[in-house]
Every structure is written in C-alpha cells, then in structure tokens.
Amino acid sequence: MTWEQLNQTQHKVVQILTNSIKKNRLTHAYVFEGSRGTGKMEVAIQLGKSYFCKERSTAEPCNECPDCKRISSGNHPDLHVISPDGQSIKKQQVELLRTEFSYRGMESKQKFYIINHADKMTPSAANSLLKFLEEPEAPTIAVLLTEHLYQMLNTILSRSQILTFTPLSRKEMEQMLKEDGISYPIAKLLTEITSNLEDARQLCQEDWIVQVRNVVLQLTEEIYSRPQQMFFTLQDKWLSHFKGKEEFGLGIDLMLLWYRDLLYTQLGEKDGLIFVDQLERLDHQALYSSQEKITKQMSAIFDAKRHLSSNVNPQLLMERLMLRLQEG
Ligand SMILES: [Zn+2]
C-alpha cells in the first residue's frame, strides 16, 4: 500500500495525515472511526511506516529500510497492535503495553501503537489508557480504531484527533475491484451484494463468486427452458457451492437479482442491470414473460428467503422455490 493508493478511497483522511507528516506535526492520539472494511487498519499501519521510516523524503515511506520491512512483516519492536482478547480489551493488555514500552524506552525513542476495536476496552482498560495518553514516557503515537465512536469514553475522545473513514461508493468499489483484476460483470455483482471491500475480496477467493454466479445463471436458464434438469443441477451444483444458511441466503439473493434484471429488461430500464454480460438471455426470457409473472417469481423468492431463517430443510425449500419459479 502507498499513500497514493489509500488516497483513492479515503481522500480526506489521507490528505490530513500526509500534510501532518510532511510538516512533522502528527498528534499524539488519533481515533479512526468508520464502518468495517473502510481501511482504518491499513491507514494506521501506513502512518506507522511514515512515522518510523528514516529514508523517506516525502510522506511516502520507502518500504525498503529495516523499519519499513519490520512493520510490513508485523514485527517492529516499537509498533504494537492490541486487539480484543475474547469479548473485550482488558486492563492487563494496556498495562503490558506500557511496561513493554517503558522497558524498551532506553534503546529507542519513538513508540507507536494501534488499538483495534478500541470501544471494546473495559472501563479499567480505558482508564489505564487515559493515563498512558496523558503521560507517555517517550514520543508516542496512539491510533484507536472503532466502528462505534459513541461507545468510546469522552475523556479519550477529547484528547484525540478524530478522523472519519467514509464507506466506499459503488463506483469507487467497482474501480478498486477492477484494479484487483476482477471483471466488470463480477465487480458489478459484488458491489450490489456488499458495500464492504474486504467482504467483496473474500467472495472472490478461489473464484467462488464466479462459480456461484454460473450456477445461478444455469439454474435460471433451466427453470425457463429445461425444467427437467433443474433438480439435477440443484443436487449437483447448488448444494455443493452454497453451504450453510448464510451462503444459501446469498444464493437466493443472486436469484432475486436475476429476476429483478428480468423485470428491468421487461420495463426497458437497462441502466440498473447487474448481469450486464447476459443482455441477450435477458431479452429472450423477458420476451416470453410478463411483468405479472416476474413479480410473482420475485415474491416466491422473498418467501423462500423468509423461510430460510426458520428451521426448514434448505434443499426442500429450494425445490419448492424452483417449482414456483417455473410455474411463474
Ligand atoms: Zn523506510
């Protein structure tokens, strides 16, 4: 990662931080707040690199010196990351950090620590941290990350500079996925089902999303033109790709997106389409369908999604759904 790359998604935050780095005016405590997947940890680590790197001439760290390399591999002696131990961040974890830093205080001057999910600090951990923020023994930068700003102690917030990380827009996320080498139709689908870049990247692992999209395309085609095969495909492909309720639910969501595309095609609203590389098939299916039929199909999918959360057998649920979709 470079500041330049991070700048594409968190422009405001990156501008503030890189300006402070260049002017040598970093604050001793930051709170990075924003939803999951907005890059808080990446920016915190990058800030740590710029803080320690002695080879840089701009805000950008060199990524070559021992400090940069040790931070990249996660074992820099003066950069620590604290994460919740179970449900909370405990007082001992903060105390341990203080001891560690004061012990090492002799050999190095600067310190940097990141507290992930800082809102999960117990009251005694937060109070211990407060003392640390007020009386550091060496030049120290603390970066506290949180998804729940209002669950943090006011006394901590008032001593920190708060920077807000905004969620990616669909366009920005599409662009980031494109840079990852993800094809346009897949990126389009991913930005429809999640607004979290990390989750989107997770779904791309081992081409999972590409494969399940193919299963959905095959199944919707069979429901339309070869219903005698649909149960075989369910057995052979659907059940092996969608495991567990969450994945199953995602599969049903993808089915819904197909029928929504079909409805949009029927209405001539092609701007909002998700299956952008399937226009011919959409046109063809829309030609032999009606708005009424598609609306019924979509409500059958909503029903299935609702029933998924109760204790119904998922395979049975899918079989019923496919019959209803086929009848229309
Ligand atoms: Zn460096």
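Considerations on the coordination of the zinc ion
Now for step 1: Every protein donor of the zinc ion is listed here as Cys53 (SG), Cys62 (SG), Cys65 (SG) and Cys68 (SG), and their distances to the metal cover 2.3 Å.
Now for step 2: Of note is the zinc ion, whose 4 donor atoms meet at the metal with angles of 104 to 118° in an arrangement that counts as tetrahedral.
Now for step 3: Each donor residue of the zinc ion lies on the same chain, and together they follow the pattern C-x8-C-x2-C-x2-C.
Now for step 4: Judged by relative accessible area, Cys68 falls into the buried class, the value being 0%.

Re helix α16 (residues 314-327)
Now for step 1: The terminal C-alpha atoms of α16 lie 20 Å apart, and with 14 residues this matches the ideal 20 Å at 1.5 Å per residue to within 8%.
Now for step 2: Taken together, the buried positions of α16 are Leu317, Met318, Leu321, Met322 and Leu325. Down the axis of α16, the buried side of the element spans an arc of 130°, and every buried residue falls inside it. Exposed positions of α16 whose direction lies more than 90 degrees from the buried face are Arg320 and Glu327.
Now for step 3: Where α16 is buried, its residues touch α11 (208-225), α12 (227-241), α13 (244-267) and α15 (291-308).
Now for step 4: With a side-chain oxygen positioned 2.8 Å from the backbone nitrogen of Gln315, the residue opening α16 is Asn313.

Notes on the packing of aromatic side chains
Now for step 1: Tallying each qualifying case throughout the model produces 12 aromatic pairs.
Now for step 2: Where Tyr51 meets Phe52, the ring centres are 5.2 Å apart and the plane angle is 70°; that geometry is what we call edge-to-face. Like Tyr51, the residue Phe52 is buried in the burial classification.
Now for step 3: Residues Trp208 and Phe242 carry aromatic rings whose centres are separated by 5.9 Å and whose planes lie at 85° to one another, so their mutual orientation is edge-to-face. Of the two residues, Trp208 is situated in helix α11 and Phe242 in the loop between α12 and α13; the sequence distance between them amounts to 34 residues.
Now for step 4: Accessibility expressed as a relative area gives 18% for Trp208, which makes it buried.
Now for step 5: By the ring-pair criterion, three or more aromatic residues cluster together here, those being Trp208, Trp238, Phe242 and Phe248.

Some thoughts on the pairing of strand β3 (residues 111-115)
Now for step 1: Among the 5 residues that make up β3, 5 are buried, leaving the element largely enclosed by the rest of the structure.
Now for step 2: Examined bridge by bridge, strand β2 (residues 79-82) and β3 share 4 bridges and lie parallel to one another. Among the inter-strand pairings, Val81 is bridged to a residue of β3, identified as Ile114.
Now for step 3: Pairing of β3 with strand β4 (residues 140-146) involves 5 bridges; the strand directions are parallel. Among the inter-strand pairings, Ile114 is bridged to a residue of β4, identified as Val143.

Some remarks on the domain arrangement of the chain
Now for step 1: Each assigned domain of the chain is listed here: domain 1 (3-167) and domain 2 (171-327).
Now for step 2: Computed from C-alpha atoms alone, the centre-to-centre distance between domain 1 and domain 2 is 41 Å.
Now for step 3: In this complex, domain 1 contributes 6 residues to the contact, which on the side of domain 2 involves 7 residues.
Now for step 4: Summed over both partners, the interface of domain 1 with domain 2 comes to about 550 Å²; 37% of that surface belongs to carbon and sulfur atoms.
Now for step 5: Connecting domain 1 to domain 2 are 1 salt bridge.

Section: unusual backbone geometry
Now for step 1: Positive phi outside glycine occurs at Glu206, with the angle close to 55°.
Now for step 2: You can call Glu206 exposed: its relative accessible area is 78%.
Now for step 3: The phi dihedral of Asp207 is positive, around 60°, even though this residue is not glycine.
Now for step 4: Inspection of the secondary structure puts Asp207 in the loop between α10 (197-204) and α11.
Now for step 5: The partly exposed category is assigned to Asp207, whose relative accessible area is 45%.

A word on helix α14 (residues 279-287)
Now for step 1: Within the sequence span of α14, burial applies to Arg281, Leu282, Gln285 and Ala286. Considered in projection along α14, the buried side chains sweep an arc of 130° and stay on one side of the axis. Turned more than 90 degrees away from the buried face of α14 sit Glu280 and Leu287, all of them exposed.

Structural notes on the pattern of salt bridges
Where charged atoms from two side chains of opposite charge approach closely, those side chains can pair.
Now for step 1: Following the criterion strictly, the structure yields 16 salt bridges and no others.
Now for step 2: A salt bridge links Glu95 to Arg98, with the nearest nitrogen and oxygen atoms 4.0 Å apart. Placement of the pair is Glu95 and Arg98 together in helix α5 (residues 91-104), with a separation of 3 residues, close to one helical turn.
Now for step 3: One salt bridge connects Arg170 with Glu192, and the closest N-O pair in it is separated by 3.0 Å. Of this pair, Arg170 sits in helix α8 (residues 170-179) while Glu192 is found in helix α9 (residues 184-193), placing the two residues 22 residues apart along the sequence.
Now for step 4: Each member of the salt-bridge network shares a partner with another, and the members are Arg170, Glu192 and Arg260.

Some words on the packing of α11 against α14
Now for step 1: Here α11 crosses α14 at 25°, and the two axes come no closer than 12 Å. Taken together, the axis directions place α11 and α14 in an arrangement best described as roughly parallel. Considering how the two elements wind past one another, α11 and α14 form a crossing that is left-handed. In contact with Leu217, Thr220, Glu221 and Tyr224 of α11, α14 contributes Arg281, His284 and Gln285.
Now for step 2: Across the contact of α11 with α14, the residue classes tally to 2 nonpolar, 3 polar and 2 charged.

Thresholds applied
- Residues numbered from 1 in each chain as written.
- Predicted model: local features only at pLDDT ≥ 70, side-chain atom pairs only at ≥ 80, totals over all residues.
- Heavy atoms only, no water.
- Donors = N, O, S within 2.8 Å, 3.2 Å for Na, K, Ca; no water.
- Tetrahedral: all angles 85-135°; square planar, octahedral: opposite > 155°, others 65-115°.
- Buried < 20%, exposed > 50% of the residue type's maximum accessible area, 1.4 Å probe, protein only.
- Helix = DSSP H or I, 4+ residues; strand = E, 2+ residues; numbered from the N terminus.
- Expected span 1.5 Å × (residues − 1).
- Arc of directions from axis to C-beta.
- Contact = heavy atoms within 4.5 Å.
- Polar contact = N/O pair within 3.5 Å; in protein donor to acceptor, adjacent residues only side chain to side chain.
- Phe/Tyr/Trp six-rings, centres within 6.5 Å; stacked < 30°, edge-to-face > 60°.
- Pairing = 2+ DSSP bridges.
- Domains from an automatic or database assignment.
- Buried area = accessible area lost by both parts, 1.4 Å probe.
- Salt bridge = Lys/Arg side-chain N within 4 Å of Asp/Glu carboxyl O.
- Axes fitted to C-alpha atoms, helices over the stretch in contact; angles between N-to-C directions.
- Parallel < 35°, antiparallel > 145°, perpendicular 65-115°, else oblique.
- Left-handed = near helix turned anticlockwise from the far one by under 90°.
- Nonpolar A, V, L, I, M, F, W, Y, C, P; charged D, E, K, R; others polar.

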